[in-house]
There are 4 protein chains.
Amino acid sequence: MSIYSFKNDYSESCHPDILKSLAKINMQQEEGYGYDSHTINAISKIRKLLGDKNAYIHFISGGTQANLIVISAFLKPHEACVCANTGHIATHETGAIEYTGHKIITVTSKNGKLTPEQIEKAITPYNCEHFVKPKLVYISNATEIGTVYTKEELKNLNEYCKSKGLILFADGARLGSALSVKEANLTLKDMYDFTDAFYIGGTKNGALLGEAIVIRNEALRDGFKYNVKQKGGLLAKGQVLGIQFETLFKDNLYFDLANHANEMAKLITKGLKEAGIKFLTESLSNQIFPILKNEVIEKLEKKFGFYIWEKVDENYSSIRLVTSWATKKEEVLKLIEEIKKLNN
Amino acid sequence: MSIYSFKNDYSESCHPDILKSLAKINMQQEEGYGYDSHTINAISKIRKLLGDKNAYIHFISGGTQANLIVISAFLKPHEACVCANTGHIATHETGAIEYTGHKIITVTSKNGKLTPEQIEKAITPYNCEHFVKPKLVYISNATEIGTVYTKEELKNLNEYCKSKGLILFADGARLGSALSVKEANLTLKDMYDFTDAFYIGGTKNGALLGEAIVIRNEALRDGFKYNVKQKGGLLAKGQVLGIQFETLFKDNLYFDLANHANEMAKLITKGLKEAGIKFLTESLSNQIFPILKNEVIEKLEKKFGFYIWEKVDENYSSIRLVTSWATKKEEVLKLIEEIKKLNN
Amino acid sequence: MSIYSFKNDYSESCHPDILKSLAKINMQQEEGYGYDSHTINAISKIRKLLGDKNAYIHFISGGTQANLIVISAFLKPHEACVCANTGHIATHETGAIEYTGHKIITVTSKNGKLTPEQIEKAITPYNCEHFVKPKLVYISNATEIGTVYTKEELKNLNEYCKSKGLILFADGARLGSALSVKEANLTLKDMYDFTDAFYIGGTKNGALLGEAIVIRNEALRDGFKYNVKQKGGLLAKGQVLGIQFETLFKDNLYFDLANHANEMAKLITKGLKEAGIKFLTESLSNQIFPILKNEVIEKLEKKFGFYIWEKVDENYSSIRLVTSWATKKEEVLKLIEEIKKLNN
Amino acid sequence: MSIYSFKNDYSESCHPDILKSLAKINMQQEEGYGYDSHTINAISKIRKLLGDKNAYIHFISGGTQANLIVISAFLKPHEACVCANTGHIATHETGAIEYTGHKIITVTSKNGKLTPEQIEKAITPYNCEHFVKPKLVYISNATEIGTVYTKEELKNLNEYCKSKGLILFADGARLGSALSVKEANLTLKDMYDFTDAFYIGGTKNGALLGEAIVIRNEALRDGFKYNVKQKGGLLAKGQVLGIQFETLFKDNLYFDLANHANEMAKLITKGLKEAGIKFLTESLSNQIFPILKNEVIEKLEKKFGFYIWEKVDENYSSIRLVTSWATKKEEVLKLIEEIKKLNN
């Protein structure tokens, strides 16, 4: 790609520290299938942050895989998921959840998040054996449109789910970014305290690949590793994932990387707002959706890589700009200048 | 692990050249999901070896994943697999194939391989709608017990399958080792010419992770990438797999690594045979199964890592020794000496 | 039930002629699993009506079973269904289709029917391997809200589907009623000519149980009976279904029964319209949805059985009245009188 | 069929009393989906025999359906069944269980039954997440080769399963016949006391169709009716099944019918044994397997219907003779005479 890309947060391979760690352990002989020393160390580091030395943690290679393994492990055949209409499992996973046999009930949500009221309204009609039984609430944090849950919101959601016997599961493909939004006041420990399970996304925050599935609810842990293996998610060389999370959770690297991504996004947001540009969603995380004139978009595409998100009206569309741990400030500044220039 | 391990061919991380390649491209921005330049290059290199510039190739992260994606993509719900009782899908994949809905019909095979006669006998009773319909023959090359198919054997098997409308699929987790057995006289191009699909194992031959699925039969390609995504097998950072296969298939590295593994196994075999030790199977590949006295095994375990395979009689058991691209000759020699010493 | 029920078209067991036929053949020995003489005769009678002596026909016991067997037999894992938001598979089948692994894409439809334009708009965003691939269009005729497809509409839908490589499948749980709506001008042969597959509902039109799946598209027939058996749909005593369809399709009984149901519904519609009562949908089939004052409904429930369908506003709701082959004219007249009386 | 058939126990439709009951209630309006009065009565009658007024009972239409619904409801994705190699689910159900995602581990059994020792040996190697987890033991009573479990055997099996955390499920397609074998000393209540779940076969014991699933283990009942609906097993006209079981369990009819079937089989066994004919299995139930000269079989086929079971040696094969509630004594006597005559 000859032009600088804001298409996504997985364009570059990995943070240099991860590569260094990989190189350092490269010729060590390790046990296979996740019993290696680096997986064990990484789990230990994450457990410390969660405040539970028995937290169940398993590393796998990607987000769709995490979602399908978790959901198929947690649900009985007749049980269903509830999620926002923008939820990744409902849109961009090629029916992975349905392939495991479960219906997804979608809730139309303007900001990509779910509230107890919305869920309550959605599940009420499902009241007998002719319908699936709603059992798991799937949320994404950050959401697919850049919004994040506050501590208060997540706490309430969790209380509601508990009161209804619903499992709360959070897709954390972009959890680093969500937790680095200061306004949300949410920590990794909060994620653990206020969900039944979630995953910590590595792929979109500096790892070559890798997501850390965390299960708090003890009733849901039984046989989980069997399920990982059955779905093709158990890597022979577990250290490849272990060493990456060991590195990410040593010296705060995971949060530093996410913070950089957020800062870069904030810079763009600030720059464009100053130029009078509006946004599709209120995002404080690393995905932002400015609304531009179609002719501006057309010209901008020749200078920077990004996706057109959706048509707003005849003359305007929103685009998606994604920043990451690797995003260069100089390119951000160039981007702002270019948009300002084209917009005049 | 403080003692040298012959437990498997995935103890070390990856060949140093692969790490170098990864480092070289690390900060390049690439397209996601397998549309990156390194995946394209790697495919192009493999196609050249297969002699078909349109060969369908897709990289994924592991062997169980490869098997379940391929088989679920190829079969209708009522169709079944046939494989040797030692077949990986029938034993060590936690029911991954059954999870995709398909029965596995196992054929008892002494050498881990299948012949047309064995298959014919196995499928004959499946003759009406009360039974599954045998449709896909799964073989492993090398097999799980170290044996390999000769060119002639594979050719015959393929002809038989074609004549019966059966799909022939080869699990190539250890294909490098199989193709490096000179006595088999089998090339990568032969694999392509004499199967409907197979995969080229990277994980067990020097890659961090990665298998290259190759589909020759055009009727089986439709929608394959959708199936990869649905099963959680589509990596965001496709270049992580692409660059590894690009490196493995540049300058013959893939075969050099496999050759080394075989040479190390051959050295052990030769050394132990000279000492009068018998083997469970006739293996020319990188997995060998010497039969040792139980007391010898017990002592040997304190010096080297390996798995006990099966009991042979009251006093003897076979062990599994696996060599790899990373196996050190000095450790091989020590191992031979140690066994000889203990055996006297 | 002490009060007369308009709850559904499956309250009574079966038409007396069917019982007579069952009694007549009761002690005959027949071949099992659908190879009996009555199944063969019934198929032959239906084939005559379809104008194709090779039409593929299979009898099974219920509608959800028919839908799940057909759809799972026709689709590859990554392929999806498109249906109206009111479609039975999307609402009242406890996720049966998702259990077979397939996503259902719903289209909001005011009248329960689908048009090419609606489908086109719905499937357009599904354009790459991150999404399921829309492949089968599911319609119901009559629909779940009483509307029916005209010959012209079905013909157009079929042409559209063919042009897009989509399979058109019609749920005919209430096909008898649909085909007995003269205004629709649609015959059983038209159903065959303008779909890839459909089923002829018996359970809701006078049979004890039974639906006749009809597949026109030859490419979709392969292995179908295996799929019926695998899903638990192959009855040992096939004659139980065969003799019922033999009876229903001898001397026009199937259509006579449906016609009676429609006539009874029409009578109610006429009576209530004369009394100024409005309806939720324009139904000419055996399900009608009058809109009544809530207090009227409350009182009516003490005299007749029916379901409340949906709230229309603060004071009004629609109810569902279903007539059938067994509905007594005297009860219909009493119902009309009662509603008129309560409505004043 | 012009010749008298001993092919199976489902050639004739149903016992005349069942037909009478069906006729009697034919025009009654009933609630749908198993909430009808006859289903309720039938459940109540069976509960009395089980000695538990809260026993969970659900009627469905066939045996394969019963097996797949039960097993898919009880197991998690990574859990597997254990059954005899002759088990119906392992052979004649077109992979119905595998379609629900579960592996079947078969145990070679000479008499079609399982013992704790056999199960223990079979499950021992399944000891980590690379293998499925054996969780449910499937037995058939009577077995597919006519043998039956004694009270003592079932009690022991149940104790073993409980001690290992295994679910014990019995396929009772021919339970009537099994319970009518006096030597087994087993009652319907024993079946309930010594299993987690089983089903009472109606189809092969006088019903038009229908099996009664009985679940003792309360932990396994949750959501079961949802699962029945999802798999297409919930009949709209539940009374069709209800009235049949109501009739079968009024005045001992179920056992009278089974007893007649056994008596007829016993008569044949006695007759043939007197003529020096040997049998493949020791059957006291309604399926028997005499071993005849191939030339005798060939001639016998012109007079009676039956299946050839398996080749015994070059000159001899066993045939399967099945008797039922409908088997005529005069035909049994003719059969014995014919075999005796041909055998001389």
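Residues numbered from 1 in each chain as written. Chains lettered and ligands numbered in written order. Predicted model: local features only at pLDDT ≥ 70, side-chain atom pairs only at ≥ 80, totals over all residues. Heavy atoms only, no water.

If you check an unreviewed UniProt entry, chain A appears there as Aminotransferase class I/II-fold pyridoxal phosphate-dependent enzyme from Clostridium oceanicum. Per its UniProt entry, chain A bears the Cofactor (unreviewed entry) comment "pyridoxal 5'-phosphate". According to UniProt, the comment filed for chain A under the heading Sequence similarities (unreviewed entry) is "Belongs to the threonine aldolase family." (UniProt positions renumbered as here; feature names shortened; annotations may be inferred.)

## Observations concerning the interface of chain D and chain C
On the chain C side, the residues contacting the 54 residues of chain D number 54 residues. Both faces combined, the contact of chain D with chain C buries some 4,600 Å², and carbon together with sulfur accounts for 53% of it. Among the residues chain D hides against chain C, the three largest losses belong to Gln29(D), Tyr99(D) and Lys237(D). Together they make up 18% of the total. One can count two salt bridges joining chain D with chain C. The partner of Lys7(D) in a salt bridge is Glu31(C), with the nearest N and O atoms 2.8 Å apart. Connecting chain D to chain C are 27 residue pairs in polar contact (both at pLDDT 80 or more). When residues of the side of chain D that touches chain C are assigned to their parent elements, the largest contribution, five residues, is made by helix H1 (residues 16–25) of chain D. Broken down by class, the residue content of the side of chain D that touches chain C amounts to 25 nonpolar, 21 polar and eight charged. (Contact = heavy atoms within 4.5 Å. Buried area = accessible area lost by both parts, 1.4 Å probe. Salt bridge = Lys/Arg side-chain N within 4 Å of Asp/Glu carboxyl O. Polar contact = N/O pair within 3.5 Å; in protein donor to acceptor, adjacent residues only side chain to side chain. Helix = DSSP H or I, 4+ residues; strand = E, 2+ residues; numbered from the N terminus. Nonpolar A, V, L, I, M, F, W, Y, C, P; charged D, E, K, R; others polar.)

## Re the packing of helix H2 (residues 37–50) of chain B against helix H11 (residues 239–248) of chain B
Residues and elements named next belong to chain B. Viewed as axis vectors pointing N to C, H2 and H11 meet at an angle of 35 degrees, and their least axial separation amounts to 7 Å. Read as a crossing pair, H2 and H11 show a hand that is left-handed. Listed contacts from H11 to His38, Thr39, Asn41, Ala42, Lys45 and Ile46 of H2 are Gln239, Gly242, Ile243, Phe245 and Glu246. Looking at side-chain class alone, the contact of H2 with H11 contains four nonpolar, five polar and two charged residues. (Axes fitted to C-alpha atoms, helices over the stretch in contact; angles between N-to-C directions. Left-handed = near helix turned anticlockwise from the far one by under 90°.)

## Some thoughts on the interface of chain B and chain A
The interface is formed by 54 residues belonging to chain B together with 54 residues belonging to chain A. Carbon and sulfur atoms supply 53% of the area that chain B and chain A bury against each other, a total of about 4,700 Å² over both sides. In terms of surface lost to chain A, no three residues of chain B exceed Gln29(B), Tyr99(B) and Lys237(B), which account for 18% of the buried area on that side. For the interface between chain B and chain A, the tally reads two salt bridges. Counting across the interface, chain B meets chain A through 27 residue pairs in polar contact (both at pLDDT 80 or more). Listed by contribution, the elements that provide at least two residues to the side of chain B that touches chain A are strand S1 (4–5), helix H1 (16–25), helix H3 (63–74), helix H5 (96–99), helix H10 (224–230) and H11 of chain B.

## Section: the relation of the copies chain B and chain A
After a rotation of 180 degrees and a shift along the axis of 0.0 Å, chain B superposes on chain A with an RMSD of 0.0 Å. What the superposition gives is, in effect, a two-fold axis relating one chain to the other. In this assembly the copies share their binding face: 100% of the residues contributing to the interface of chain B also contribute to that of chain A. (Least-squares fit on C-alpha atoms with pLDDT ≥ 70 in both.)

## Side note on H2(B)
Residue and element names in this part refer to chain B. An ideal rise of 1.5 Å per residue puts 20 Å on 14 residues; H2 measures up with 20 Å between its terminal C-alpha atoms. Listed in full, the buried residues belonging to H2 are His38, Thr39, Ala42, Ile43, Ile46 and Leu50. The arc that holds every buried residue of H2, seen down its axis, measures 135 degrees, which confines them to one face. The backbone nitrogen of His38 lies 3.1 Å from a side-chain oxygen of the residue at the head of H2, namely Asp36. In the segment just after H2, Gly51 is the residue with positive phi, at about 75 degrees. (Expected span 1.5 Å × (residues − 1). Buried < 20%, exposed > 50% of the residue type's maximum accessible area, 1.4 Å probe, protein only. Arc of directions from axis to C-beta.)

## Some details on the UniProt feature "domain: Aromatic amino acid beta-eliminating lyase/threonine aldolase" (unreviewed entry) in chain A
The positions that UniProt labels "domain: Aromatic amino acid beta-eliminating lyase/threonine aldolase" (unreviewed entry) are, in the present scheme, residues 21–289 of chain A. Helix and strand shares over residues 21–289 of chain A are 41% and 15% respectively, and the end C-alpha atoms of the span are 35 Å apart.

## With respect to the relation of the copies chain D and chain C
Rotating chain D by 180 degrees and moving it 0.0 Å along the rotation axis overlays it on chain C with an RMSD of 0.0 Å. Of the residues that chain D buries at the interface, 100% are likewise interface residues in chain C, meaning the two copies contact each other through the same surface.

## Focus on a nonpolar patch on the surface
All names here are of chain A. Nonpolar side chains collect at one region of the surface, where Leu280, Trp309, Val312 and Tyr316 lie side by side and expose about 300 Å² of accessible area between them. Tracing the backbone through its elements, the reader meets Tyr316 in strand S13 (residues 316–322). The class for Tyr316 is partly exposed, based on a relative accessible area of 30%. (Patch = residues over 30% accessible without salt bridge, like charges linked within 9 Å, V, L, I, M, F, W, Y side chains within 5 Å. Areas by Shrake-Rupley, 256 points an atom, 1.4 Å probe, with all protein chains shown as cover.)

## What about the environment of Asp190(A)?
You can see Asp190(A) is positioned in helix H9 (residues 188–193). Filtering out sequence-adjacent residues up to four positions away, Asp190(A) remains in contact with Lys151(A), Leu154(A) and Asn185(A).

## Here we look at the pattern of salt bridges
All names here are of chain C. According to the stated counting rule, one finds 72 salt bridges over all chains in the structure shown. Linking Glu338 and Lys303 is a salt bridge whose minimum nitrogen-to-oxygen distance equals 3.3 Å. In this pair, Glu338 is assigned in helix H14 (residues 329–343) and Lys303 in the loop between helix H13 (294–300) and strand S11 (304–305), connecting sequence segments 35 residues apart. Given a relative accessible area of 42%, Lys303 falls into the partly exposed group.

## Side note on the sheet that holds strand S3 (residues 79–84) of chain A
Residues and elements named next belong to chain A. Pairing in this open sheet of seven strands is mixed, and the strands run S2-S8-S7-S6-S5-S3-S4 from one edge to the other. Strands at the two margins of the open sheet, each flanked by one partner only, are strand S2 (56–60) and strand S4 (104–107). Adjacent strand axes in the sheet meet at a mean angle of 25 degrees, parallel and antiparallel pairs treated alike. (Pairing = 2+ DSSP bridges.)

## Side note on the state of the cysteines
A complete count under the given rule lists zero disulfides over all chains for this structure. Here Cys14(D) is not disulfide-linked; the sulfur of Cys14(C) is the nearest cysteine sulfur, at 12 Å. In this model Cys83(D) remains outside any disulfide bridge; the closest cysteine sulfur is found in Cys81(D), 7.3 Å from its own. (Disulfide = S-S within 2.5 Å.)

## Focus on the packing of H1(B) against H11(B)
Working note: a packed helix pair is described by the angle between its axes plus the distance between those axes. All names here are of chain B. Viewed as axis vectors pointing N to C, H1 and H11 meet at an angle of 130 degrees, and their least axial separation amounts to 9 Å. Classified by the interaxial angle, the pair formed by H1 and H11 is oblique. You can see that H1 and H11 cross each other, and the crossing is right-handed. For the pair H1 and H11, contact is made by Asp17, Ile18, Ser21, Leu22 and Ile25 and by Gln239, Val240, Ile243, Gln244, Thr247 and Leu248, respectively. Partitioned by chemical class, the residues of the contact of H1 with H11 number six nonpolar, four polar and one charged. (Parallel < 35°, antiparallel > 145°, perpendicular 65-115°, else oblique.)

## A few points about the domain arrangement of chain A
Residues and elements named next belong to chain A. When cut into domains, chain A gives domain 1 (4–10 + 253–343) and domain 2 (16–248). Here the C-alpha centre of domain 2 lies 27 Å away from the C-alpha centre of domain 1. Note on domain 1 versus domain 2: buried area summed over both sides is about 2,100 Å², and carbon and sulfur give 57% of it. It is Leu253, Tyr254 and Phe255 that lose the most area in domain 1 upon contact with domain 2, and together they represent 31% of the buried surface on that side. On inspection of domain 1 and its partner domain 2, the count reaches one salt bridge. Residue Arg174 is joined to Asp9 by a salt bridge in which the shortest nitrogen-to-oxygen separation is 2.7 Å. Counting residues per element, the side of domain 1 that touches domain 2 draws most heavily on helix H12 (residues 253–274), at seven residues. (Domains from an automatic or database assignment.)

## Let's talk about the packing of aromatic side chains
Overall, the coordinates contain 53 aromatic pairs over all chains when judged by the stated rule. Aromatic side chains Tyr254(D) and Phe255(D) sit 5.4 Å apart centroid to centroid with 90 degrees between the ring planes, which places their arrangement in the edge-to-face category. Through a chain of ring-to-ring contacts, three or more aromatic side chains come together here, namely Phe59(A), Phe245(A), Phe249(A), Tyr254(A) and Phe255(A). The positively charged end of Lys225(C) is found above the aromatic ring belonging to Tyr35(C), 3.5 Å away from the centroid. (Phe/Tyr/Trp six-rings, centres within 6.5 Å; stacked < 30°, edge-to-face > 60°. Lys NZ or Arg CZ within 6 Å of the ring centre and 35° of its normal.)

## A look at helix H7 (residues 151–164) of chain D
All names here are of chain D. For H7, built from 14 residues, the straight-helix expectation of 20 Å at 1.5 Å per residue is met to within 8% by its first-to-last C-alpha distance of 20 Å. Those residues of H7 not exposed but buried are Leu154, Leu157, Asn158, Tyr160 and Cys161. Projected down its long axis, H7 carries its buried residues within an arc of 165 degrees, all on one side. Every exposed residue of H7 that faces more than 90 degrees away from the buried side is listed here: Lys162 and Ser163. Tucked inside the fold, the buried residues of H7 contact helix H6 (116–123), strand S5 (133–140), strand S6 (167–171) and helix H9 (188–193). Gly165 sits one or two residues past H7 and shows a positive phi near 70 degrees.

## Comments concerning the pairing of strand S3 (residues 79–84) of chain C
Residue and element names in this part refer to chain C. Buried residues dominate S3, accounting for six of its six residues. Two strands pair when backbone bridges link them, and S3 and strand S5 (residues 133–140) are joined in this way by five bridges, in the parallel orientation. Paired with Glu79 across the strands is Lys133, a residue of S5. Two elements, S3 and strand S4 (residues 104–107), share four bridges in a ladder whose sense is parallel. If you follow Ala84 over to S4, its bridge partner there is Val107.

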